[in-house]
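Residue-level listing of the chains:
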Amino acid sequence: MDDINFECTACGNCCHDLRLPLTLTEAAAWLARGGQMELLCEAIPWPVEPEAGNEQAAYKKARSAPTMSGTLPVRVSVLLVAAFAGPCPNLDADMRCRIYEQRPLVCRIYPAEINPFVPLAPENKGCPPEAWQHTPLQRHGVLVDETTRELVGESRRMSELEAAARVKLCLALGMNEAALANEGFVIYAPDSDALRTALEQIRTTPDAVVEAEPWTFVSNRAVTVETLLSVGATGRLNEPATDTHFRYHGYFPAEPA
Ligand code: SF4
Ligand code: SF4
């Protein structure tokens, strides 16, 4: 569907049970308000550069940083997300956002999509059926509202601009394990004080964090680990979590060795 109408019903569905990707500045503000943050890490084997014209690969490349896993060149992609189960800590009982004027970019953009390869589809959104009417939101696949288009552009720009800093943030926190892209992600939930300190370090002395630190793949499937090891990467099978700051989230059932 290229033409979509939309009028927010203020139901508050989109402010529950989320992982909201934030910029570094937004993350610092989120922490300052007492919110919890997580880092979601995935790595893409990148032995050779994709052919020119591969726009999806270019998009992934722009949002990741080059590094190594063993002898295998990889690109690591990190999302810095505000995480909460149930209502957002900034949501009032009457479903109003307490930080409306300072709310993150992603909240301003919803329900529009940020990723240009993901078409806007009402059935994938939390908005009720009655929200999809009246005011034009999208015509011929293009967002009607100029402000929202600019916010999407700003979000994409920041995601690209801060890609290396988000990877450095992990390293500053002593984290260098990632899931294989499209198979899952590693979730780090650092102490808020440690994350605040690391964010400050990235902001003030980014060069103090060594970028070339090698990364290790984690997977819940033995065959994935074996394949990665066979091409020179370092990898390990996920184990039952003993560290409350580390979790592996797989998209597929576990397949032990
Ligand atoms: S910051 Fe505001 S708009 Fe964003 S999820 Fe929380 S309550 Fe909703
Ligand atoms: S889920 Fe949709 S309709 Fe409900 S508050 Fe969020 S944007 Fe508005």
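Reference entry: report on the structure contained in this document. If you're wondering where the values come from, they're calculated on a predicted model, not measured in any experiment.

A word on helix H6 (residues 192-204). Between its first and last C-alpha atoms H6 spans 18 Å; for 13 residues at 1.5 Å apiece the expected length is 18 Å, and the two agree. Residues of H6 that are buried: Ser192, Leu195, Ala198, Leu199 and Ile202. Buried residues of H6 fall within an arc of 125 degrees about the axis and therefore sit on the same side. Along H6, exposed side chains directed more than 90 degrees from the buried face belong to Asp193 and Thr197. Contacts made by the buried residues of H6 are with helix H1 (24-32), strand E3 (37-45), strand E5 (72-87) and helix H5 (163-172).

Around ligand 1, the neighbouring residues are Cys15, Leu20, Cys88, Asn90, Leu91, Cys97, Ile99, Pro104 and Cys107. Partitioned by chemical class, the residues of the shell around ligand 1 number 8 nonpolar, 1 polar and no charged.

Before going further, it helps to examine the environment of Glu7. Its location among the elements puts Glu7 in the loop between strand E1 (4-5) and strand E2 (16-21). In sequence terms Glu7 and Glu130 are 123 residues apart; their C-alpha atoms lie 8.3 Å from each other. Filtering out sequence-adjacent residues up to four positions away, Glu7 remains in contact with Ala131, Gln133, His134 and Thr135. A distance of 2.6 Å separates the side chain of Glu7 from the side chain of Thr135, its partner in a polar contact.

Our focus in this paragraph is the sheet that holds E1. Strand order in the open sheet made by the 3 strands is E1-E6-E7, with antiparallel pairing throughout. Single-partner strands in this sheet number two, and they are E1 and strand E7 (142-143). When E1 meets strand E6 (residues 136-139), the two strands line up antiparallel, connected through 2 bridges. Pairing of Ile4 across the sheet is with Gln138, part of E6.

With 45 residues, the main nonpolar core has Trp30, Met37, Leu39 and Leu169 as its most contacted residues. At 7 residues, the largest contribution of residues to this core is made by E5. Among the nonpolar cores identified, the runner-up in size contains 13 residues, and Ala112, Ala131, Trp132 and Leu151 belong to it.

This brings us to the pairing of E3. Counted residue by residue, E3 has 7 buried out of 9 residues, so it is predominantly covered. Of the pairings in the sheet, the one linking E3 to E5 comprises 9 bridges and is antiparallel in character. Each bridged residue has a counterpart across the sheet, and for Met37 the counterpart in E5 is Ala82. Note that E3 and strand E9 (residues 184-188) share 3 bridges and pair antiparallel. Considered in E9, the bridge of Leu39 is made with Tyr188.

This part is about the site of ligand 2. Surveying the vicinity of ligand 2 reveals the residues Phe6, Cys8, Thr9, Ala10, Cys11, Gly12, Asn13, Cys14, Tyr110, Gly126, Cys127 and Pro128. Of the residues contributing to the shell around ligand 2, the split by class is 8 nonpolar, 4 polar and no charged.

Turning to the packing of H5 against H6, a few remarks are in order. Axis separation between H5 and H6 bottoms out at 9 Å; the angle between their running directions is 130 degrees. Overall, the two elements H5 and H6 adopt an arrangement that is oblique. Crossing handedness for the pair H5 and H6: right-handed. Contacts between H5 and H6 pair Ala165, Lys168, Leu169 and Ala172 from the former with Leu195, Ala198, Leu199, Gln201 and Ile202 from the latter.

For the pair H1 and H6, interaxial distance at closest approach is 10 Å and the crossing angle is 145 degrees. H6 is crossed by H1, and the crossing has left-handed handedness. For the pair H1 and H6, the contacting residues are Leu24, Ala27, Ala28 and Leu31 in the first and Ser192, Leu195, Arg196, Leu199 and Ile202 in the second. Within the contact of H1 with H6, the residues separate by chemical class into 7 nonpolar, 1 polar and 1 charged.

As a further point, take unusual backbone geometry. The general pattern is negative phi for most residues beyond glycine and trans for most peptide bonds. Note the cis peptide between Tyr110 and Pro111, where omega equals 10 degrees. Looking at where Pro111 falls in the secondary structure, it is placed in the loop between helix H3 (105-109) and E6. The backbone phi angle of Met95 is positive, close to 70 degrees, even though this residue is not glycine. By secondary structure assignment, the location of Met95 is in the loop between E5 and H3. Here Met95 falls in the partly exposed class, since its relative accessible area comes to 30%. A positive phi angle is found at Asn182, which is not glycine, with a value near 75 degrees. Along the polypeptide, Asn182 turns up in the loop between strand E8 (177-180) and E9. Residue classification places Asn182 among the exposed positions, given a relative accessible area of 57%.

So, how was this worked out
- Residues numbered from 1 in each chain as written.
- Chains lettered and ligands numbered in written order.
- Predicted model: local features only at pLDDT ≥ 70, side-chain atom pairs only at ≥ 80, totals over all residues.
- Heavy atoms only, no water.
- Helix = DSSP H or I, 4+ residues; strand = E, 2+ residues; numbered from the N terminus.
- Expected span 1.5 Å × (residues − 1).
- Buried < 20%, exposed > 50% of the residue type's maximum accessible area, 1.4 Å probe, protein only.
- Arc of directions from axis to C-beta.
- Contact = heavy atoms within 4.5 Å.
- Near = heavy atom within 4 Å.
- Nonpolar A, V, L, I, M, F, W, Y, C, P; charged D, E, K, R; others polar.
- Polar contact = N/O pair within 3.5 Å; in protein donor to acceptor, adjacent residues only side chain to side chain.
- Pairing = 2+ DSSP bridges.
- Core = buried A, V, L, I, M, F, W, Y, C linked by side-chain atoms within 4.5 Å.
- Axes fitted to C-alpha atoms, helices over the stretch in contact; angles between N-to-C directions.
- Parallel < 35°, antiparallel > 145°, perpendicular 65-115°, else oblique.
- Left-handed = near helix turned anticlockwise from the far one by under 90°.

These values are about where atoms sit, not about what they do.
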